[in-house]
Amino acid sequence: MERFETPGGTVRWTRSGAGSPVVLMHGTPFSSYVWRDVAAALADRHEVFAWDMLGYGQSEKRAGQDVSLGTQAKIFTSLLEHWGLDEPAVVAHDFGGVVSLRAHLLHGARYRRLALVDAVAIAPWGTSFFRLVRENAAVFERLPAHLHEAIVRTQTATASRPGLRAEVLDRLAQPWLGDDGQAAFYRQMAQADQRFTDEIEPLLGSLNLPVLVCWGEADEWLPVERGKDLASRIPGARLRLLPGAGHLVQEDAPAALTATLLDFLAT
């Protein structure tokens with residue numbers, strides 16, 4: 001993966017394919033790895049960019065980092081400038097939703113169109129476990145390594161309705177293991193303040209670009225009603241529901257998601 005230096009550390013990113021540019025954004029506790037199959041399909045028609053947010057995946061993790069959603073939005077705005085992208089299409093999942101929306105609504109990033117996939121964008125959000133960690137992050141950081149790994153694997157697995165293959169769960173868990181990974185796992189939760197969505201909720205009605213809201217009907221992290229609510233707040237937004245898919249729709253319904261995105265990006 002390529003490198004992009006930020007004040008808070010190195011961000012890693014990758015590019016593939018050729019054509020009109022599309023940027024893929026992950027959420028938590030994931031990385032750009034979740035987009036691998038969709039990215040490969042999109043790359044037949046598009047130049048596809050994917051990145052690991054600061055403190056996630058292969059990007060740098062270190063003590064004292066600001067990995068808040070506000071900072072990620074500023075980094076993304078700078079990344080677009082680094083890539084020389086003026087108006088790419090953006091596809092954003094989970095935390096990627098609020099990051100992409102803040103970059104657009106608060107920092108002037110311009111998009112040709114925006115797809116919000118099971119996206120964090122309106123309150124309330126966060127599972128009960130997420131809220132528990134946010135209130136007790138210092139305690140969780142001191143857990144024995146084997147207990148921490150069990151938590152990471154168990155929590156991540158709940159993002160899929162049919163269940164994740166063992167090798168996929170291994171890849172999703174790996175960045176969060178070890179001393180640096182464990183601290184980073186709880187750091188990003190501790191800094192995930194709802195104010196970052198509260199600040200943009202009143203601005204959703206001002207969005208003036210084609211928007212797709214795509215949601216797994218069986219999402220247990222962000223119920224489908226949240227997706228319907230989000231679509232209703234954005235003028236002209238399309239709503240596409242994916243039956244049987246949980247929060248991690250890239251794993252649960254990759255073919256349906258890819259077909260939906262190809263159709264949206266082509267129009």
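Residues numbered from 1 in each chain as written. Predicted model: local features only at pLDDT ≥ 70, side-chain atom pairs only at ≥ 80, totals over all residues. Heavy atoms only, no water.

## Description of the pairing of strand β7 (residues 211-216)
With respect to burial, β7 is a largely interior element, 6 of its 6 residues being buried. Neither face of β7 is left uncovered, since the one carrying V211, V213 and W215 and the one carrying L212, C214 and G216 both have all their residues buried. As paired elements, strand β6 (residues 113-119) and β7 share 4 bridges and run parallel to each other. Considered in β7, the bridge of V117 is made with C214. Where β7 meets strand β8 (residues 238-242), 5 bridges bridge the pair, whose relative direction is parallel. Bridge pairing in β8 places W215 opposite L241. (Buried < 20%, exposed > 50% of the residue type's maximum accessible area, 1.4 Å probe, protein only. Helix = DSSP H or I, 4+ residues; strand = E, 2+ residues; numbered from the N terminus. Pairing = 2+ DSSP bridges.)

## Details of the packing of aromatic side chains
Per the stated rule, a full pass over the model turns up 14 aromatic pairs. Pairing W125 with F130 gives two aromatic rings, centres 6.2 Å apart and planes at 65°, and the pair type is edge-to-face. You can call F130 buried: its relative accessible area is 8%. Put simply, the rings of Y56, F129, F140, W176, F185 and Y186 pair up and form one aromatic cluster. The ring of Y33 has R36 lying over it, and the distance from NZ or CZ to the ring centre is 4.0 Å. In this structure, R134 packs its charged tip against the face of W125, placed 5.6 Å from the ring centre. (Phe/Tyr/Trp six-rings, centres within 6.5 Å; stacked < 30°, edge-to-face > 60°. Lys NZ or Arg CZ within 6 Å of the ring centre and 35° of its normal.)

## So, the sheet that holds strand β1 (residues 2-6)
Taken in spatial order, the 8 strands line up as β1-β2-β4-β3-β5-β6-β7-β8 in an open sheet, and their pairing is mixed. Each edge of the open sheet carries a strand with a single partner, namely β1 and β8. The sheet shows a mean angle of 20° between the axes of neighbouring strands, direction not considered. Where strand β5 (residues 89-94) meets β6, 6 bridges bridge the pair, whose relative direction is parallel. Counted as the bridge partner of V90 is L114 from β6. On top of the sheet, helix α10 (residues 224-233) reaches β6, β7 and β8; it is set at about 170° to β7, its chief contact. (Axes fitted to C-alpha atoms, helices over the stretch in contact; angles between N-to-C directions. Contact = heavy atoms within 4.5 Å.)

## Details of helix α3 (residues 95-107)
Residues that lie three or four places apart on an α-helix share one face, since the helix turns once every 3.6 residues. Over its 13 residues, α3 extends 17 Å from the first C-alpha to the last, a length consistent with the 18 Å expected when each residue adds 1.5 Å. Regarding α3, the residues found buried are F95, G96, G97, V98, V99, S100, L101, R102 and A103. Downstream of α3 by one or two residues, G108 has phi in the positive range, about 80°. (Expected span 1.5 Å × (residues − 1).)

## What to know about the nonpolar core
By size, the foremost hydrophobic cluster in this structure holds 61 residues, and its most contacted members are V23, W51, F76 and W83. It is helix α2 (residues 69-83) that provides the largest number of residues to this core, a total of 7 residues. Not counting residues within four places of it along the chain, the set of residues in contact with F76 comprises V23, M25, W51, W83, V90, V99, A103 and Y111. Core analysis: the next-biggest nonpolar cluster, separate from the first, contains 34 residues, V22, A43, V168 and L265 among them. (Core = buried A, V, L, I, M, F, W, Y, C linked by side-chain atoms within 4.5 Å.)

## Brief notes about the packing of helix α6 (residues 145-157) against helix α8 (residues 178-190)
Direction vectors running N to C along α6 and α8 enclose 50°, while the axes themselves pass 11 Å from each other. When the interaxial angle is binned, α6 and α8 end up oblique. The interaxial crossing formed by α6 with α8 has left-handed handedness. Every residue of α8 that contacts α6 at A145, H148, I151 and V152 is listed here: Q182, F185 and Y186. Across the contact of α6 with α8, the residue classes break down as 5 nonpolar, 2 polar and no charged. (Parallel < 35°, antiparallel > 145°, perpendicular 65-115°, else oblique. Left-handed = near helix turned anticlockwise from the far one by under 90°. Nonpolar A, V, L, I, M, F, W, Y, C, P; charged D, E, K, R; others polar.)

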